[in-house]
Amino acid sequence: MATKLSKTQMEQYNEEGFTLVESALPPNMLSEMLRLTDEVVEGASGLADDDDRYDLEETHTPDKPRVRRLKSPFEHWPFFNDFLRSPEVLDIIEPLMGPNIRLYNNKMNMKAPGYGAAVEWHQDWAFYPHTNDVGCAVGIYLDDVAEDNGPMMIIPRSHKGPIIDHNSKGFFCGAIDPIKSPLDYDSAIPLMGPAGTMTIHHVRTIHGSALNHSQKPRRLLLQGYFAADAWPIRGFRPGQTLDDFNALVVRGEPTLEPRLANVPVRMPYPEAPHQGSIYENQHILENRFFESVGEHKDITAEPA
Ligand SMILES: O=C(O)CCC(=O)C(=O)O
């Protein structure tokens, strides 16, 4: 039987903008995810450059593969497609998203021991505003996550606030400048738990994560969902048809009638000259909040 959110978890999501579900996956699903992920990461050996599946660390070499992110794993490996459509996920988020749910995106962020990169503070909504904000990101930790291996951190109640400027040097960079936008970063809550823990955060919640200071990995599968009546204000992705868009409805029915809500929107423009993954876009941020690999005395770009 798939897990359901308790009243307390629902209230936490609605009031604080996040919640956590421990042991959200049956053990066999988690072990298959781990097995497949290891196999997929092995598949990056021999690669000289990023492709449509792998976002590689700057220190990656073909014989020492270092994967920073799996891009849209559901499009390449059927297990991930089945997983994001499974009752183990959808029964949990249906009370938050409603009966009609569309997938927006899917990725796996790898924070490798010793060099796993930080993700600067941001709101997912700043990347992809929709006609209403009934949207969330579901995360699954593949590893035990504690203070020292880069837990995702969220600023509670920020989903009820404004959309913060995510531009730097005149371009959208997908990150909040902590000097120009002095928010209450000290109030951030680290989302921690054993492997198999599910995190859920609202699409407007401000979140980020520090370097992996430990010798343990921190892999996080993320899948973004919206109510099916939330339509992306930027329109379809390049080459995406209505059929492709509707095929992303993972529960319930698609609709041609977007629901327009009174929500704050800031368009993610102008695009950075080298638009890429969040890691690449955040590079042009003028003032970083989190340390980067080269700055931390205990962390080297070349782990043992
Ligand atoms: O990996 C993390 O800690 C956060 C990632 C994230 O927010 C993103 O990729 O949009």
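Residues numbered from 1 in each chain as written. Predicted model: local features only at pLDDT ≥ 70, side-chain atom pairs only at ≥ 80, totals over all residues.

Undergrad: How would you sum up the overall build of the protein? Please name residues and give values.
TA: Looking only at helices and strands, the protein features eight helices and 14 strands. In terms of overall dimensions, the protein has a C-alpha envelope of 55 × 45 × 40 Å along the principal axes. Put simply, the protein has 304 residues, and 40% of those count as buried. For the protein, restricting intrachain contacts to residue pairs at least 6 apart in sequence, the fraction spanning at least 24 positions comes to 84%. (Helix = DSSP H or I, 4+ residues; strand = E, 2+ residues; numbered from the N terminus. Buried ≥ 20, exposed ≤ 12 C-beta atoms within 10 Å, placed from the backbone. Contact = placed C-beta atoms within 7 Å.)

Undergrad: Which residues make up the sheet that holds strand 10 (residues 189–191), and what values go with them?
TA: Pairing within the open sheet is antiparallel, and its four strands lie in the order 5-12-7-10. Two strands close off the open sheet at either side, each with one partner strand: strand 5 (119–122) and strand 10. Across the sheet, the mean angle separating the axes of adjacent strands is 25° when strand polarity is ignored. Relative to strand 12 (residues 207–209), strand 5 runs antiparallel, the two being bridged by two bridges. (Pairing = 2+ DSSP bridges. Axes fitted to C-alpha atoms, helices over the stretch in contact; angles between N-to-C directions.)

Undergrad: Give a detailed account of the site of the ligand, specifying residues and quantitative values.
TA: N109, V119, D124, M152, H207, S209, L220, L222 and I278 make up every residue found near the ligand. Mapped by element, the contributors of at least two residues to the shell around the ligand are strand 12 and strand 13 (218–227). Taken together, the residues that form the shell around the ligand break down as five nonpolar, three polar and one charged. (Near = placed C-beta within 6 Å. Nonpolar A, V, L, I, M, F, W, Y, C, P; charged D, E, K, R; others polar.)

Undergrad: Lay out unusual backbone geometry with the relevant residues and their values.
TA: Y269 connects to P270 through a cis peptide bond whose omega is -10°. Inspection of the secondary structure puts P270 in the loop between strand 14 (249–251) and helix 8 (278–282). With a phi angle near 50°, S23 is a residue other than glycine that sits in the positive phi range. With respect to the helices, strands and loops of the structure, S23 is situated in the loop between strand 1 (18–21) and helix 2 (27–42). The exposure class assigned to S23 is partly exposed, which follows from the 14 C-beta atoms found within 10 Å.

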